[in-house]
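As a plain string of letters, each chain reads:
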Amino acid sequence: MSDVPGAPADLLRSLTRAERLLSRRLGAVLADDALSIEAWRVLCLLADGQGHPMSEVSAEASLPPGTLTKLVDQLVDRNLVFRRIDPVDRRRIRAYLTARGRREHARLDERVRASIAELGITEMGVAETSEPGMPPAANLVHQLDDLIGRLDPARQRVHADAAGPHR
């Protein structure tokens with residue numbers, strides 16, 4: 001790596017290592033319920049109750065469509081997720097949490113949050129760029145979401161479209 005602290009290679013290495021270690025930690029929490037990190041990502045996305053097109057779930061869960069279909073099939077078999085034809089665009093399939101899926105998500109979310117709290121993220125110093133009153137863990141997520149938004153061309157287009165035409 002670089003001899004210069006804060007070099008781009010350091011950021012990449014640190015983010016990659018943090019993601020892998022956090023995934024391993026949360027994987028151990030979810031293993032008791034025979035749930036993978038990928039399945040957890042899907043449940044978290046669907047927990048908003050809106051129902052999401054499978055293409056969106058695939059992108060947000062970082063899974064290829066074929067892999068996502070197999071995973072969602074398993075979640076359907078466990079009565080955690082169901083699929084319906086999109087009422088607006090009948091060519092699309094939307095995924096939703098079942099009532100059991102919502103209960104399981106809530107129960108597991110408590111365990112996942114407790115595991116993350118053990119890391120002391122909520123006790124970290126607040127960065128200079130934090131928003132007033134925002135807990136440090138939420139600030140970290142906010143900063144990472146902002147970074148993702150800057151790096152992801154698809155999200156950049158969505159934000160540009162939402163901002164309207166430029167003059």
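Residues numbered from 1 in each chain as written. Predicted model: local features only at pLDDT ≥ 70, side-chain atom pairs only at ≥ 80, totals over all residues. Heavy atoms only, no water.

A.B. asks: Would you take a moment to explain the nonpolar core for this structure?
C.D. replies: A general tendency of soluble globular proteins is for nonpolar side chains to be buried together. Core analysis: the largest hydrophobic core is formed by 25 residues, its most contacted members being L35, V42, L75 and V81. Of all elements in the fold, only α1 (8–31), α2 (37–46), α3 (54–60), α4 (65–77), β3 (93–97) and α5 (99–117) reach the threshold of two or more residues within this core. Sort the elements by how many residues they give to this core and α2 lands first, with 7 residues. Setting aside anything within four residues of it in sequence, one finds L35 in contact with L30, W40, L43, L75, R78 and L108. (Core = buried A, V, L, I, M, F, W, Y, C linked by side-chain atoms within 4.5 Å. Buried < 20%, exposed > 50% of the residue type's maximum accessible area, 1.4 Å probe, protein only. Helix = DSSP H or I, 4+ residues; strand = E, 2+ residues; numbered from the N terminus. Contact = heavy atoms within 4.5 Å.)

A.B. asks: Is there a simple way to explain the packing of aromatic side chains in this structure?
C.D. replies: Each aromatic ring pair is characterised by the separation of its centres together with the angle its planes make. Summed over all chains, the structure comprises 1 aromatic pair. Geometrically, the ring pair formed by F82 and Y96 is stacked, given 5.1 Å between the ring centres and 15° between the ring planes. Placement of F82 in strand β2 (residues 81–85) and of Y96 in strand β3 is noted, with a sequence separation of 14 residues between them. The class for F82 is partly exposed, based on a relative accessible area of 27%. (Phe/Tyr/Trp six-rings, centres within 6.5 Å; stacked < 30°, edge-to-face > 60°.)

A.B. asks: Explain the side chain of S58 to me, please; I cannot follow it from the model alone.
C.D. replies: Considering the arrangement of structural elements, one finds S58 in helix α3. Apart from the residues within four sequence positions on either side, S58 is in contact with L63, P64, P65 and L68.

A.B. asks: Sorry if this is basic, but what is going on with the packing of α2 against α5 here?
C.D. replies: Contact geometry of α2 with α5 gives a least axis separation of 11 Å together with a crossing angle of 115°. Considering the relative orientation of α2 and α5, their crossing is left-handed. Where α2 abuts α5, its residues W40, L43 and C44 lie against H105, L108, D109 and V112. Here the residues of the contact of α2 with α5 sort into 5 nonpolar, 1 polar and 1 charged. (Axes fitted to C-alpha atoms, helices over the stretch in contact; angles between N-to-C directions. Left-handed = near helix turned anticlockwise from the far one by under 90°. Nonpolar A, V, L, I, M, F, W, Y, C, P; charged D, E, K, R; others polar.)

A.B. asks: Looking at this structure, I do not really get the side chain of H105. What am I missing?
C.D. replies: Here H105 lies in helix α5. Contacts of H105, omitting those with residues within four sequence positions, involve W40, L43, C44, A47 and L97.

A.B. asks: Just to check I follow, could you spell out α5 for this structure?
C.D. replies: Note on helix geometry: an α-helix contains 3.6 residues per turn, so any two residues three or four positions apart are oriented the same way. A rise of 1.5 Å per residue sets the reference length of α5, with its 19 residues, at 27 Å; its end C-alpha atoms lie 27 Å apart and thus fit the reference within 8%. Taken together, the buried residues of α5 touch α1, α2 and β3. (Expected span 1.5 Å × (residues − 1).)

A.B. asks: It is not clear to me how the sheet that holds β2 should be interpreted in this structure. Could you clarify?
C.D. replies: Note on sheets: strands pair through backbone hydrogen bonds, and any given pair is parallel or antiparallel. The strand order β1-β3-β2 describes an open sheet built from 3 strands, whose pairing is antiparallel. Two strands close off the open sheet at either side, each with one partner strand: β1 (52–53) and β2. Along the sheet, α2 makes contact with β1, β2 and β3, crossing β3 at roughly 90°. (Pairing = 2+ DSSP bridges.)

A.B. asks: Hey, could you run me through unusual backbone geometry in this one?
C.D. replies: Its identity is not glycine, yet A34 carries a phi of approximately 50°, on the positive side. Tracing the backbone shows A34 in the loop between α1 and α2. Of note in this structure, N79 is not a glycine but carries a positive phi near 60°. Its location among the elements puts N79 in the loop between α4 and β2. Residue classification places N79 among the partly exposed residues on the basis of a relative accessible area of 43%.

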